[in-house]
Amino acid sequence: MLKITITRDELNDLRVYLCGRLTGEYVSELETALSAGAAPRVILDMSGVTFVDREAMEYLCGARSRISIENIPSYVILWIEQEFRCGASKNSRGRS
């Protein structure tokens, strides 16, 4: 189960807090929450996340270029870095 809470700060930035298990079944709901109105900055706060599956990780890897992700669990940071390295090496091999 995943709880998604949306807030706005004094600068009108959109902050989306996650609590629970981030799995593929919640990716579309998360995408909707992250695009809930125009905001100068969109921040995804993962401080309450206890689990991330592969489908959700793939979404996070793509989303990190357009949103700020904060309070990422350490294992998720390592997984994102690994995905980036693997993706970069796949792309460089395909450009020969």
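As the structure is a computational prediction, the values presented were derived from the model and not from experiment. (Residues numbered from 1 in each chain as written. Predicted model: local features only at pLDDT ≥ 70, side-chain atom pairs only at ≥ 80, totals over all residues. Heavy atoms only, no water.)

**Quick look at the side chain of Arg 15**
Link 1 in the chain: Mapping Arg 15 onto the fold places it in strand S2 (residues 14-22).
Link 2 in the chain: Classification of Arg 15 as buried rests on a relative accessible area of 18%.
Link 3 in the chain: Of note is the side chain of Arg 15, whose polar atom sits 2.8 Å from the side chain of Glu 70.
Link 4 in the chain: The residues touching Arg 15, leaving out its near neighbours within four places in the chain, are Thr 5, Ile 6, Thr 7, Ile 43, Asp 45 and Glu 70. (Helix = DSSP H or I, 4+ residues; strand = E, 2+ residues; numbered from the N terminus. Buried < 20%, exposed > 50% of the residue type's maximum accessible area, 1.4 Å probe, protein only. Polar contact = N/O pair within 3.5 Å; in protein donor to acceptor, adjacent residues only side chain to side chain. Contact = heavy atoms within 4.5 Å.)

**Some words on the packing of aromatic side chains**
Link 1 in the chain: Using the criterion set out here, one finds zero aromatic pairs in the structure.
Link 2 in the chain: In this structure, Arg 21 packs its charged tip against the face of Phe 51, placed 4.2 Å from the ring centre. (Phe/Tyr/Trp six-rings, centres within 6.5 Å; stacked < 30°, edge-to-face > 60°. Lys NZ or Arg CZ within 6 Å of the ring centre and 35° of its normal.)

None of the figures reported here should be taken as evidence of function without further support.
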